[in-house]
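Report on the structure
Chain residues, written in single-letter form:
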Amino acid sequence: MKTKRFITNTACHILLAVLSVIWVLPILFVVLTSFRKESGSYKTYIWPKAFTLDNYKNLITGHSNIDFTRWFFNTLIIALFSTLISAFFVLCVSYCMSRLRFKMRKTFMNIALVMGMFPGFMSMIAVYYILKGLGMLETGQLKQVALVLVYSGGAGLGFYMAKGFFDTISKSIDEAAYIDGASKWDTFIHITIPLSKPIITYTLLTSFMGPWVDYIFAKVIMGNDTKYYTIAIGLWTMLEQEYVEYYYTQFYAGCVLISIPISIIFLLSQSCYVEGVSGAVKG
Amino acid sequence: MKLFKKKEELMYERPRDASISQVFKESDTNTKISYVVFGFGNIVNKQVVRGLIFLALEVLYFIYLFTFGIQSLGNFITLGTVEQGQVYNEALGIYEYTTGDDSMLCLLYGVITLVLTAGIIFIAFMSAKSAFCTQKRKEKGQPIPTFRDDIRSLKEENLHALLMSLPIVGILCFTIVPLVFMILIAFTNYDHEHQPPGNLFSWVGLSNFGAMFSQGGKLAGTFWPVLGWTLIWAVSATASCYILGLLLALLINRKGTKGKGFWRFMFVLSVAVPQFVTLLTMRTIFNANGPVNVILRTLGIIGATDSIPFFTNELYAKITIILINIWIGVPYTMLSTTGILQNIPADLYEAAKIDGASAPIIFWKITLPYMVFVMTPNIITSFTGNINSFNVIFLLSGGGPDSLEYYYAGKTDLLVTWLYKLTITQKDYNLGAVIGILVFVILSTLSLITYRRTGSYKDEGAFQ
């Protein structure tokens, strides 16, 4: 019995080791290529012959067309603004859905459900023309504002997660506040929001990540305005035919630089997610 | 008796408590005038600011309607009549374009006018109800709320109006109006031959849908195979990621496994890296000259100049994409199932062990049914997500290998990536819109059926 258990345990650990190698290898490949000294895209070997930091240096010091630093700050600004707006929208809507009872509540929830079943970018063309009609696509700066609006405009529909969290906050806390003379608004600001730190952080982090990884909307709205590109379309440009031979290793350097903050944010949001799912104060 | 009276008074305290028919039946002259002149009932009853706001909205709407709205509604019906023309300018010796109607803008302004009209109808009801409410309060001798009271009520019983207004404006502008607009385009002939502003497009009724389903047509010949592959892809991607992810979670959570946190971290790492980075990396890794082919060559499994056509052969491409999707999806499932796995009642396992069930049987008969039962909504969401999984296909194979039998689609194109190609590359907006509507129909029916068939709908307490 003991030896049998030992054998299964070892087999399991070996299996896990093999699997994790499979899962880590591609990431290792990204890191290795980003340090590779030999330029050019595809090689007949995998382990680089020599290592260098030049890829990172060249990437950050910037060039005429491929301006990584600028793209980074473009994305950062867009992400910050759209995060603030969409987190505000999400919190408002989900509080209303969870705590307030009014006539259109059910209708709104059903509409949100139906909306979610249309392919997301089906409306992209129309959004593009609406923005164009509003004159939002005239200059690069306006395009950035437009992109913020696109990322955060419909955010109110993504209220499920936060609503679920608000549902777990005990109503008796609210009632206690009403008895003490607080208005519903006061309860929202002074009771519910402070109790909802995990879900607020989660909402903030997930909406912050959106602009960093979105490709399609950014591409459609930015067009050929390379100066105002976000990171995702910028990196994609580096893989285009005319750039790929020279920028291949720098592309991976860029990927590493982006992945580090994004992974940290992701891991943070995961721990908030777990806290958020397990609910707020019980009582 | 006193109780009843109090209840009756309360009924008219807030406008939303009165139904429309009640308003029509019981309203007096002032309220009736407010149907036409918004806010009239409020103004005569000293609620000047509230009444003026209603009135101002009405006046604004009619200014809009007479300066722009009526014309845009007319254009909405015809979608423009004047085609862009060319006139020879003798002084300059060149052809100059005369501006014609832009069908695209006609349609867009038409939709906006319709939405504004819906808005003013809503405001008309609000104004009628508000006037009615004031009338009732006056009849009963209750205090009539001042404008300051109205503002204060935004923090109390009307808090939802305060909180929801901005998000709803956002949703209207960036989700609903564009969606209505695209749905309407499905009924026009807005394709690559009818591109505004050069050409006009017009209403064609259901003929786009007809073309999509007509026997033997090229569109139908593309639609059905693409739909078939979309379904195969969605089912296999969802099932493989779910089952394998569950097994991985079980493997990590076994009693005997040492260093659980470490193993979990190894797998979570791949989720943490932005998806477009991993997808683009995977594309290079499986490229004709990418690392996988290089390794196979070095090992002598394939010839020194050969390469396995991971993305250029139809069958290989489909298998590769599903495998790569497993690589991407399994850690997600592992993350989301770990917590729930620990909630499976231990006595279920003990009973099974006493009955002599082996580990695979326990997995198939206890763990999997339990998890599927608990996570059905989750699985449905990931299924719909897979049907719409644009990134994976677009960034990995781009829909390739291309096929001449298809109408601008490749062999691995899903309906959504086909939609993208039809609109962005091919500019057949009408066909794109048709595909979008069909995807919606498929998704809503599928999720309804599956949801109704599942245990968690039929028998909510099966595992409690």
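Since we're looking at a predicted model, the values are computed, not measured. (Residues numbered from 1 in each chain as written. Chains lettered and ligands numbered in written order. Predicted model: local features only at pLDDT ≥ 70, side-chain atom pairs only at ≥ 80, totals over all residues. Heavy atoms only, no water.)

1. Here we look at the overall build of chain A
- From N to C terminus, chain A includes 13 helices and 0 strands.
- Along chain A, from the amino end to the carboxyl end, the secondary structure elements read α-α-α-α-α-α-α-α-α-α-α-α-α.
- Here chain A has a C-alpha radius of gyration of 24 Å; the compact-globule value for 283 residues is 19 Å, and the former is much larger.
- The principal-axis extent of the C-alpha atoms belonging to chain A is close to 75 × 75 × 30 Å.
- Expressed as a percentage of its 283 residues, the buried residues of chain A come to 53%.
- Relative to all contacts within chain A whose residues are 6 or more apart in sequence, the contacts with residues 24 or more apart total 71%.
- Entry remark: accessible area of chain A is about 13300 Å², with carbon and sulfur atoms responsible for 68%. (Helix = DSSP H or I, 4+ residues; strand = E, 2+ residues; numbered from the N terminus. Rg over C-alpha atoms; globule rule 2.2 N^0.38 Å. Buried < 20%, exposed > 50% of the residue type's maximum accessible area, 1.4 Å probe, protein only. Contact = heavy atoms within 4.5 Å. Areas by Shrake-Rupley, 256 points an atom, 1.4 Å probe, with all protein chains shown as cover.)

2. Observations regarding the overall build of chain B
- The helix and strand inventory of chain B stands at 20 helices and 2 strands.
- Along the first, second and third principal axes, the C-alpha atoms of chain B reach 90 × 85 × 40 Å.
- Buried positions account for 47% of the 464 residues belonging to chain B.
- Across chain B, the fraction of contacts at a sequence separation of at least 24, relative to all contacts at a separation of at least 6, is 65%.
- On chain B, roughly 23400 Å² of surface is accessible, and the fraction owed to carbon and sulfur atoms is 66%.
- Side chains of chain B carry 35 positive and 30 negative charges; the gap between the two charge centres is 13 Å. (Lys, Arg positive; Asp, Glu negative; His and termini not counted. Charge placed at Lys NZ, Arg CZ, Asp CG, Glu CD.)

3. Describing helix α10 (residues 197-213) of chain A
- Taking 1.5 Å per residue, 17 residues should reach 24 Å; α10 of chain A reaches 25 Å between its end C-alpha atoms and fits that length.
- Within the span of α10 of chain A, buried status applies to P198, I199, I200, Y202, T203, L205, S207, F208, M209, P211 and W212 of chain A. (Expected span 1.5 Å × (residues − 1).)

4. Considerations on the packing of helix α3 (residues 68-99) of chain A against α10 of chain A
Residue and element names in this part refer to chain A.
- Between α3 and α10, the least distance of the axes is 8 Å, while the angle of their chain directions is 140°. It follows that α3 is oblique to α10 by the angle criterion. In this structure, α3 meets α10 at a crossing whose hand is right-handed. In contact with F72, T75, L76, I78, A79, L80, S82, T83, S86, A87, V90 and L91 of α3, α10 contributes I200, T203, L204, S207, F208, P211 and W212.
- When the residues that make up the contact of α3 with α10 are grouped by side-chain class, the tally is 13 nonpolar, 6 polar and no charged. (Axes fitted to C-alpha atoms, helices over the stretch in contact; angles between N-to-C directions. Parallel < 35°, antiparallel > 145°, perpendicular 65-115°, else oblique. Left-handed = near helix turned anticlockwise from the far one by under 90°. Nonpolar A, V, L, I, M, F, W, Y, C, P; charged D, E, K, R; others polar.)

5. A few points about empty space enclosed by the protein
- Following the criterion strictly, the structure yields 3 cavities of 30 Å³ or more and no others.
- Lining the largest cavity are 15 residues, and of these F29, R36, K43 and Y45 of chain A together with P291 of chain B sit closest to its centre.
- Mapped onto the lining of the largest cavity, the elements with two or more residues apiece are α1 (2-34) of chain A together with α13 (291-298) of chain B.
- The biggest single contributor to the lining of the largest cavity is α1 of chain A, with 3 residues.
- Across the lining of the largest cavity, the residue classes break down as 9 nonpolar, 4 polar and 2 charged.
- The computed volume of the second largest cavity comes to approximately 60 Å³.
- Around the second largest cavity, the lining residues are S270, V271, V273, Q275, T278, W327, I328 and Y332 of chain B.
- For the lining of the second largest cavity, the elements supplying multiple residues, two or more each, are α11 (260-272), α12 (275-285) and α14 (314-341) of chain B.
- Grouping the amino acids of the lining of the second largest cavity by side-chain chemistry returns 5 nonpolar, 3 polar and no charged. (1 Å grid on protein atoms, 1.4 Å probe; cavity = no way out; pocket = protein on both sides within 12 Å on 5 of 7 lines; lining within 4 Å. Points joined across faces, edges and corners; volume = space filled by probe spheres on them.)

6. Observations regarding the interface of chain B and chain A
- With 84 residues of chain B at the contact, the number on the chain A side is 79 residues.
- In this assembly, chain B packs against chain A so that about 7200 Å² is buried in total across both faces, 82% of it on carbon and sulfur atoms.
- The largest share of the area that chain B buries against chain A comes from L163, F174 and F276 of chain B, three residues that together contribute 10% of it.
- Linking chain B with chain A are 0 salt bridges, by the criterion used here.
- Taken together, chain B and chain A are joined by 8 residue pairs in polar contact (both at pLDDT 80 or more).
- Its residues placed into classes, the side of chain B that touches chain A shows 60 nonpolar, 17 polar and 7 charged. (Buried area = accessible area lost by both parts, 1.4 Å probe. Salt bridge = Lys/Arg side-chain N within 4 Å of Asp/Glu carboxyl O. Polar contact = N/O pair within 3.5 Å; in protein donor to acceptor, adjacent residues only side chain to side chain.)

7. Some words on unusual backbone geometry
Residue and element names in this part refer to chain B.
- Positive phi is not limited to glycine here, since Y408 has a value of about 50°.
- Under the relative-accessibility criterion, Y408 is labelled partly exposed at 46%.
- You will see that K427, though not glycine, has its phi angle at about 60°, which is positive.
- One can find K427 in the loop between α18 (415-425) and α19 (429-453).

8. Some points on the pairing of strand β2 (residues 94-98) of chain B
- In this structure, strand β1 (residues 85-89) of chain B lies alongside β2 of chain B, joined through 5 bridges in antiparallel fashion. Looking across to β2 of chain B, one finds that Y88 of chain B is bridged to Y95 of chain B. (Pairing = 2+ DSSP bridges.)

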